[in-house]
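Here is what each chain is made of, one letter per residue.
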Amino acid sequence: MTFAVWNIVADNERKPVDIATLLGVPIGVVGLAIAVKPVERNGVELARGRAGKLAGEVKKGESRVRRQLLGSDVQRINLTYVLHSMSERAATAPPAGRTFADGPATLPDVLEYYRSTRPRRLVVTGAAGAGKTVLALELMLALIEDRAEGDPVPVRISLAQWDTDQPLTDVLARRLAEAYGWPAGTAAGLVEHGMVLPVLDGLDEMDPLRPDGTPDPDAPRARAVLEALNTYQDGRNAGSLVLTCRTAHYDALAPTDRLIDAARIAVAPVDADHAVTYLRARAIDTPRWQPLIDHLETQPASPLTTTLSTPWRLCLTATVYHRDGDPSELLHHTDGHDLDEYLLTRYVPATVANTPNPRGYRPEDVHRWLHHLTGHLTGAPSTDLTLHRLWTLAGTTRVRIADIVLTTLAVAAVLAFAFVGLIEDEPFPTTLFAALAAFAGIASFRPTPGPNRLRIPRGTLQRGFRARFWAGSKIWFAVGFAIGVAMLVSFEGRGWYALAELFDLQLNIPNAFPGIELGVEVGLVVGCTGGIMAGLTGGFATGFSTWFRVWFALGLAYGLGASDFGSGLMGGLRLGLFVGLVFALAGGLIGGFVNGLKEEPTTVANPWAIVRDDMAYGLVIGPLAGLMAGLMVGFTMWVRGGAMGAVVVAVVGLVVGCASGLAGAARRYGVFLLCSRGKLPFRLAVFLDWAVTAGLLRYSGPSYQFRHRELQQWLTRHSRP
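Because the structure is a prediction, the values reported are computed rather than measured.

Moving on to the overall build of the chain. Looking only at helices and strands, the chain features 27 helices and 11 strands. Classification of the 721 residues of the chain by burial places 50% in the buried group. In the chain, the proportion of contacts linking residues at least 24 apart, taken out of those at least 6 apart, comes to 75%. Summed over its atoms, the accessible surface of the chain is roughly 33000 Å², and 60% of this surface lies on carbon and sulfur atoms.

Spelled out as structure tokens, the structure:
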């Protein structure tokens, strides 16, 4: 507005139409900014609506995990549990319960038990392999199936991932973002409005054991978590939650360090009757199992029956002897450690034999690859194998150097192709191109790249796309029209000719656009783009406004610094405004387009989806950003003759493209696979998905985990079968 008034005062010969144009642009922009300000909906209402979608996503993901823990079978063991007496402040709860109702209602099932607990804070303890995670999953699925509108959605978090410097609310929001693809702001809103019930799995996995193999009573990370949970509130009441931990680890903590206002239950060993029922249901040919079953039925207190009283060992037994073998061999292995070693040695070959294997994985290769992957978890509290974070397994320095070298070679090849194709009869500048390629490789390098996501919301074309498109296109046409008129006014009608004169551009442009025509041209471009993005319900406005301001400031500074054709401060200011508007228009459109495609939450179907989405993001954003930067440089720095200018444009476009969209996690993952040849299969994600199907691994949101910690520890100790 100040610039418009100053222009009017400085030039007394302006026509009324020019004065109206000058005043109309800033007034229109201000009015537009006020008109398009979004009206916020009620936060609680939004959170409740989104919680329903989250419940469906959690049910789908955790049902799959539950099936994997059951040995890719539907047969369940009806675990029982008893209330553990606590000297510290405890919640009220029934004295005992069971997983599900399978007969007379003598004990409440896990859903009824949890809802009878006051406050609803439950600690599930048990021995290794006792079924703590399975019980927690059964509770989660029951809560979702019986969920009423407004009830919180249970979300499971592996406690080994918790950075104890972060509050629980931040951890929950990050879990929603990483495991289910929710935007950070939306995830934080769900947590803030109490729509998430934390299910915290594996307190015993947070701290390493002592040298003698016993739990550490100090356990600093576990104590920090419990301290945070003791202060976790839902309004004025203690916050609802579910926590799992091995009995020995929980008992090792001082009473003052444990969870208060909670009911602690202890998962009971599987009795002989339930063990026999489970093995009979899993058996294909019962006669082969009869000697073992007879032993369990007739000697319910024998050492072997006691050793087989955990769901994990029963599942191991059913898997190892699923197709062949003599289960009576176990009668000679009554010690727990001896039995585990015997079963685990046969577990990998058995899963390979029991699972469809179209790629012909050999048991010895499967064992060797899984053992190598355990190296990523050695010495770390995490239990997750996340594809885009595995690259450190091949050596941090080695992968980073390979990343730079491979990128440099790829850029050098493209530059050489561009030079040879565009410039003839000129010596090839080997040294210059090598330096430019090295610069591109270094400029696009990221020490620890993170994944990006670029998605278009599903179903938008069927949910009012046309109405949103027309509404958005009208608004954004007005914005583009105002920008186009301002571009013309900034050079008093000379527009593109003034810029050509400044940079000595060899342009053959027709007569300068009249103000209305230029405004319509720009308005159509911006209006069409903004309308499409409004139709997709994306965040186009936020991205456009942010990038517009940044590029306008850069363009204004560049124009002011480049002005040297004797027009003084006024000419420099006008040139700066013109260049700033050109830069801001291009940058705003790209920024709005990119931001708009990242708005809506989507479900992460499997861990590979993160790398795949980052690859799609790079293939879209990298070329767009590189094209935008190349065009800007070509528009403002094109040299006479044009050929070398084309090479300069190619260099700038490659650097910007590599540094923006093509510098993410997918590129680093590809370099990691190249550096791991001979130690891991090149199609690693395919193998890991097969290992999940085979029951060796399980999905955990965006990551893989070993089926059981005992299996992970055994593979860590044994490099060969």
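As summarised here, the arrangement of the seven strands in space is β2-β1-β9-β3-β8-β5-β4, forming an open sheet in which the pairing is mixed. On the outer flanks of this sheet lie β2 (96–98) and β4 (153–158), each paired with one strand and no other. Put simply, the sheet's adjacent strands are angled 20° from each other on average, direction ignored. For strand β3 (residues 121–126) and strand β8 (residues 241–246), the ladder comprises six bridges, and the chain directions are parallel.

Turning our attention to the nonpolar core. Core analysis: the largest hydrophobic core is formed by 135 residues, its most contacted members being L54, L176, L203, L243, F672 and L684. In terms of residue count, helix α5 (residues 132–145) provides more of this core than any other element does, nine residues in total. Contact partners of L243, with chain neighbours within four places excluded, come to L122, V123, V124, L159, L200, L203, L226, L229 and L259.

It is at 10 Å that the axes of helix α3 (residues 43–69) and α5 come closest, and there the two elements cross at 150°. With respect to each other, α3 and α5 are oriented roughly antiparallel. Here the hand of the crossing between α3 and α5 comes out left-handed. Contact with α3, carried on its side by A55, V58, K59, E62, S63, V65, R66 and L69, involves T133, V134, L137, E138, M140, L141, I144 and E145 of α5 and no other residues of that element. Per-class residue counts for the contact of α3 with α5 are nine nonpolar, two polar and five charged.

Of all five residues in strand β9 (residues 263–267), five are buried, a share of seventy percent or more. Side-chain alternation along β9 places A263, I265 and V267 on one buried face and R264 and A266 on a second face that is also buried. Strand direction decides the pairing type here: strand β1 (residues 80–83) and β9, joined by three bridges, are antiparallel. Paired with L83 across the strands is I265, a residue of β9.

Turning our eyes to something else, we now look at empty space enclosed by the protein. Space left empty within the atom packing is revealed by a probe, the size of a water molecule, rolled over the atoms. Applying the stated rule across the entire model yields three cavities of 30 Å³ or more. At the level of secondary structure, the elements contributing two or more residues to the lining of the largest cavity comprise α5, β4, β8, α13 (311–320), β11 (703–706) and α27 (709–717). Considering each element in turn, the lining of the largest cavity owes the most residues, five residues, to α5. Its residues assigned to classes, the lining of the largest cavity shows 14 nonpolar, 12 polar and 11 charged. A class-by-class count of the residues in the lining of the second largest cavity yields eight nonpolar, one polar and three charged.

Among the surface-exposed residues, I401, V405, L406, L409, L674 and F682 lie close enough to one another that they form a single nonpolar patch of about 540 Å² accessible area. When residues in the nonpolar patch are grouped by element, the largest group, four residues, is from helix α16 (residues 396–422). Inspection of the secondary structure assignment puts L674 in helix α25 (residues 665–675). Among the residues examined, L674 registers a relative accessible area of 45% and is labelled partly exposed.

About the cut-offs
- Residues numbered from 1 in each chain as written.
- Predicted model: local features only at pLDDT ≥ 70, side-chain atom pairs only at ≥ 80, totals over all residues.
- Heavy atoms only, no water.
- Helix = DSSP H or I, 4+ residues; strand = E, 2+ residues; numbered from the N terminus.
- Buried < 20%, exposed > 50% of the residue type's maximum accessible area, 1.4 Å probe, protein only.
- Contact = heavy atoms within 4.5 Å.
- Areas by Shrake-Rupley, 256 points an atom, 1.4 Å probe, with all protein chains shown as cover.
- Pairing = 2+ DSSP bridges.
- Axes fitted to C-alpha atoms, helices over the stretch in contact; angles between N-to-C directions.
- Core = buried A, V, L, I, M, F, W, Y, C linked by side-chain atoms within 4.5 Å.
- Parallel < 35°, antiparallel > 145°, perpendicular 65-115°, else oblique.
- Left-handed = near helix turned anticlockwise from the far one by under 90°.
- Nonpolar A, V, L, I, M, F, W, Y, C, P; charged D, E, K, R; others polar.
- 1 Å grid on protein atoms, 1.4 Å probe; cavity = no way out; pocket = protein on both sides within 12 Å on 5 of 7 lines; lining within 4 Å.
- Points joined across faces, edges and corners; volume = space filled by probe spheres on them.
- Patch = residues over 30% accessible without salt bridge, like charges linked within 9 Å, V, L, I, M, F, W, Y side chains within 5 Å.
- Salt bridge = Lys/Arg side-chain N within 4 Å of Asp/Glu carboxyl O.

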